[in-house]
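# Remarks on the overall topology
Each chain, letter by letter, is given below.
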Amino acid sequence: MPDDLTPAAEPIPTSGDAAPAAPAPTSDDAPVETPADAPAEAPVAERRPTVRSHHGDDVVDDYEWLRDKDSPEVLAHLAAENAWTQAQLAHLAPLRQDVFDEIKARTLEADLSVPVRMGGSWYYTRTEEGRQYPIHARVPAAGEWAPPRIEPGTVPAGEQVLLDQNAAADGHDFFSLGSFDVSEDGARLAYAVDTTGDERFALRVRDLTTGEDLPDVVEDTFPGAVLTPDGRYVFYPTVDDAWRPYRVWRHEVGTPAADDVLVLEEPDERYWVGVGLTRSRRYLVVELGSKTTSEARVLEADDPTGDLRTVWERRDGVEYTVEHAVLPTGADDAGTGGRDALLVLHNDGAENFALVTTDIPAPGAGPLDPAAARVVVPHDPDVRLDGVDAFAHHVVLSLRREALPRVAVVDLADTARATPDQPWTAREIDVDEALFSVALDANPTWEQPLLRVQHTSFVTPATVLDVDLATGERHVRKRQPVLGGYDPADYVQRREWATAEDGTRVPISLVWRKDAVTLDGSGTRAEPAPLLLYGYGAYETSIDPYFSVPRLSLLDRGVVFAVAHVRGGGELGRHWYDDGKLEHKAHTFSDFVACGRHLVESGWTAPERMVADGASAGGLTVGAALNLAPGLFAGVLAGVPFVDALTSMLDPALPLTVVEWDEWGDPLHDAEVYARMKAYTPYENVPDDASAYPRVLATTSLHDTRVLYVEPAKWVARLRAAGAPALLKIEMSAGHGGVSGRYARWEEIAFEHAWTLDVLGAARR
């Protein structure tokens, strides 16, 4: 199920719409004047004490009144915060312009994705110079499986535009595409858009033979709508008042939305629901899941008005996912005959998950018995099984070993020749790098001879490969273009290990420009370098090696980029996650501090040359680390930060609170959880005197439904009242992911990079 507070990944810029006006270029010598209307003093949020009482503990909160975003007074305060931030950072306008220009100059603005084969067409997205959003299109396919060569910046012959996001976004300050699904016959498109940032999407259906939208409009849907193979029905989820997807509906195309049929409703407030089709297009699957427990229900796709059947009944603490496969019963029918089955990836008695095969529940029958399943990939304490994908002739495993994500392939013909009790043998797709990420790319077709994967690292741009499943031969279809003469050999990536307070070894990944960071003969730093330390540490989300064009603007100025792979993430398997959640949550923050101290003690950097960076749940990580070790950092960059976590987890009426209790604990009903959270949440623990705190920049969005804007607004108010140099930047027309559109996003990155470089003392032009 989706993670609620996951970080907004730094996107690989590929496309866009008309660029907004960027700051006017400033000559290197011209001083930047503070605007005449700039505020003379920082805004001061009035103290309006409210008392919160739980478990015999009375807490006075001076800034809870900032929660009312409809209040003109609150909006005026937020506007004043923006004005103050802009005035304080006006001197960085030339540097912001430089960084923006560098990102733009390194990006092929008129670009396109590698075409993906589905049915009789090749599907792709392309971008045009000066435009914010991608264009979704297709061209006819012949019998070949090598994608057509389409030159970036050109419109290929025979192209049919399915959806131009630029046209759809016209007239809106914000635009986000949620659902996007084409029927198996290619005749209909279901898509959904959000134009406010609140993640409520209007669902529409387009007739792709005419290019016109049908009258069908369903308001307030959640992403993940799917068309049945014949295009007659759309299944889609909707959310409750707490922003929890809890219902699945069936809409018959051509009928009023008021006639839509409720297929499933999940009353348990801990569970999210989602719907999809198996790759075989034979089954609809509805998944229900909390943070710790899941359940799947299936239905034949050619009987969409039938009844869903439960695979395994939910059992507390047991998570599983299902995938339809056709398993051979003999050596001659692998992938062409055999029996329909489900592949079930589960953690019942298998901390790092195991894979089993089982029957498909029969119509009218009850749930299956898990004990009757056959183990085909047993549990391995050193390998975390992350996912399973079935194809006509192969099964693909996504796994994690030695803190790196990998992909392995099982040939079903080999399973037919093995004995029934013999585990499956998988071959990994290997990569010749010390640090890397390998993951499945788009593979929508059941019967395909090639497997598409993506490979990247901190120094290798995202590379799309087609692997021939019969021969193992690899075809590089595309490497993310980086203009301006980028050479991976100019950069170095490396892993180090810090030692946490309890003796646990915590991995750190580093990347830097070879000629910008001087090493002595022993391989250690000759002098401390400016360093940006990123951390997350929640939801078993792993911060794996990835390439970033915007990051080059930091590396080329001598900044070392480091990732602290703290507990609460999933880098080292399920135990790494479990050891950084609930009663063990404090490990996340002490691990981050331990990583920072290791980087100082080993000579990589110095406290006055290090910035801590975290977003969403990672904002909680860096905010808590700030309170634990304020002298360890020169600055803290916190994006949409979850810094008032206790207040949020005490209010079940807020979006996501009940869902989140499995991750953080339930402080409303459990005094022990309350005391534990109160001891670490950043807002609760700002000292009365924070004048020795480093510089803080918090960014947020008014319409964020995951981490409400009020959390960083209150935090900054309290930090500033305690004497800390804190700034707040708030987008007034965006959600959790920030601004929409690539150029607007680049401007946001440039803003944050310029601030970071200034704090690090590396702000050369």
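About the cut-offs
- Per chain, residue numbering runs from 1 following the sequence as it is written.
- Selection of residues for local features in this predicted model requires a pLDDT of at least 70, selection of side-chain atom pairs for listing and counting requires 80 or more, and totals for whole chains, interfaces and linings are taken over all residues.
- The basis for every side-chain value is the complete set of heavy atoms in the structure, and neither hydrogens nor water enter the calculation.
- Helix and strand assignments follow DSSP, with helices taken as H or I runs no shorter than four residues and strands as E runs no shorter than two, numbered in order from the N terminus.
- We compute the radius of gyration over the C-alpha atoms and compare it with the globule rule, which gives 2.2 Å times the number of residues raised to the power 0.38.
- The rule is simple: take the accessible area with a 1.4 Å probe, protein chains only, and divide by the maximum for that residue type; under 20% is buried, over 50% is exposed, in between is partly exposed.
- The contact criterion used is simple: two residues touch if any of their non-hydrogen atoms lie within 4.5 Å.
- Method for areas: the Shrake-Rupley scheme with a 1.4 Å probe, in which residue coverage is limited to the protein chains shown.
- Positive residues here are Lys and Arg, negative ones are Asp and Glu, while His and the chain termini are left out of the count.
- A single reference atom marks each charge: NZ on Lys, CZ on Arg, CG on Asp, CD on Glu.
- Strands are treated as partners if at least two bridges between them are detected by DSSP.
- Orientation is described by axes fitted as lines to C-alpha atoms, over the contacting stretch for helices, and by angles from 0 to 180 degrees between their N-to-C directions.
- Small angles under 35 degrees read as roughly parallel and large ones over 145 as roughly antiparallel, with 65 to 115 read as roughly perpendicular and the rest as oblique.
- For any pair of crossing helices, the crossing counts as left-handed if the nearer helix is rotated counterclockwise from the farther one by less than a right angle, and right-handed if it is rotated clockwise.
- Here the term charged refers only to Asp, Glu, Lys and Arg, the term nonpolar to Ala, Val, Leu, Ile, Met, Phe, Trp, Tyr, Cys and Pro, and the term polar to all other amino acids, Gly among them.
- Only buried Ala, Val, Leu, Ile, Met, Phe, Trp, Tyr and Cys residues count toward a nonpolar core, and they belong to the same one when joined by side-chain atoms within 4.5 Å.
- Think of it this way: a Phe, Tyr or Trp ring, Trp meaning its six-membered ring, pairs with another when their centres are within 6.5 Å, and the plane angle makes it stacked under 30 degrees, edge-to-face over 60, tilted otherwise.
- Values of pLDDT, ranging from 0 to 100, describe the predictor's confidence in every residue of the model.

Counting secondary structure elements, the protein chain contains 13 helices and 38 strands. Against the globule reference of 27 Å for 765 residues, the protein chain gives a C-alpha radius of gyration of 26 Å, in line with a compact fold. Structurally, the protein chain occupies a C-alpha span of about 75 × 60 × 60 Å along its principal axes. Taking all 765 residues of the protein chain together, 58% fall into the buried category. Within the protein chain, residue pairs in contact and separated by at least 24 positions form 62% of the contacts whose partners lie at least 6 positions apart. Counting every atom, the protein chain has about 29000 Å² of accessible surface; 49% of that belongs to carbon and sulfur. In the protein chain, 69 positive and 125 negative side-chain charges are present, and the distance between their average locations comes to 3 Å.

Before going further, it helps to spend a moment on the sheet that holds strand 6 (residues 160-164). Taken together, 4 strands build an open sheet; the order of strands is 3-4-5-6 and the sheet is antiparallel. Looking along the sheet, the strands with just one partner apiece sit at the ends: strand 3 (116-118) and strand 6. Here the average twist between neighbouring strands, direction ignored, is 30°. Where strand 3 and strand 4 (residues 121-126) come together, 3 bridges link them in antiparallel fashion. Residue pairing in the sheet places V116 in a bridge with Y123 of strand 4.

This part is about the pairing of strand 4. In terms of residue burial, strand 4 counts as a mostly covered element, since 5 of its 6 residues are buried. Between strand 3 and the antiparallel strand that follows it, strand 4, lie 2 residues; G119 among them carries a positive phi value of about 60°. Bridge count for strand 4 against strand 5 (residues 135-140) is 6 bridges, and the pairing is antiparallel. Residue pairing in the sheet places R126 in a bridge with I135 of strand 5.

Below, the discussion takes up the packing of helix 7 (residues 586-601) against helix 8 (residues 617-628). Running from amino to carboxyl end, helix 7 crosses helix 8 at an angle of 70°, the nearest separation of the two axes being 9 Å. Our classification of the angle between helix 7 and helix 8 gives roughly perpendicular. The interaxial crossing formed by helix 7 with helix 8 has right-handed handedness. Across the interface between the two elements, T588, F589, S590, F592 and V593 from helix 7 touch L620, T621, V622, A624, A625 and L628 from helix 8. When its residues are assigned to classes, the contact of helix 7 with helix 8 shows 8 nonpolar, 3 polar and no charged.

Attention now goes to the nonpolar core. L451, F561, W664 and M677 are the most contacted members of the largest nonpolar core, which has 76 residues in total. Not counting the four nearest positions on each side in its chain, F561 is found in contact with F458, S509, L510, V511, L532, Y534, Y546, R551 and L555.

Applying the stated criterion across every chain, the model contains 16 aromatic pairs. Ring plane angle 70° and centroid distance 5.4 Å describe the contact between Y133 and F175, whose orientation is recorded as edge-to-face. With Y133 in the loop between strand 4 and strand 5 and F175 in the loop between helix 3 (165-169) and strand 7 (176-182), this residue pair connects regions lying 42 residues apart in the sequence. For the pair Y133 and F175, one class covers both residues: buried.

As a further point, take the confidence of the model for the protein chain. Detail in the predicted coordinates should be disregarded across regions flagged by low pLDDT. In the predicted model, the protein chain carries a mean pLDDT of 91, and 92% of its residues have values of at least 70. Contacts for the low-pLDDT stretch residues 1-33, under 50 throughout, to residues beyond four places or in other chains number 105 contacts. When the criterion is pLDDT under 50, residues 331-335 qualifies, and its contacts beyond four places in sequence or with other chains add up to 10 contacts.

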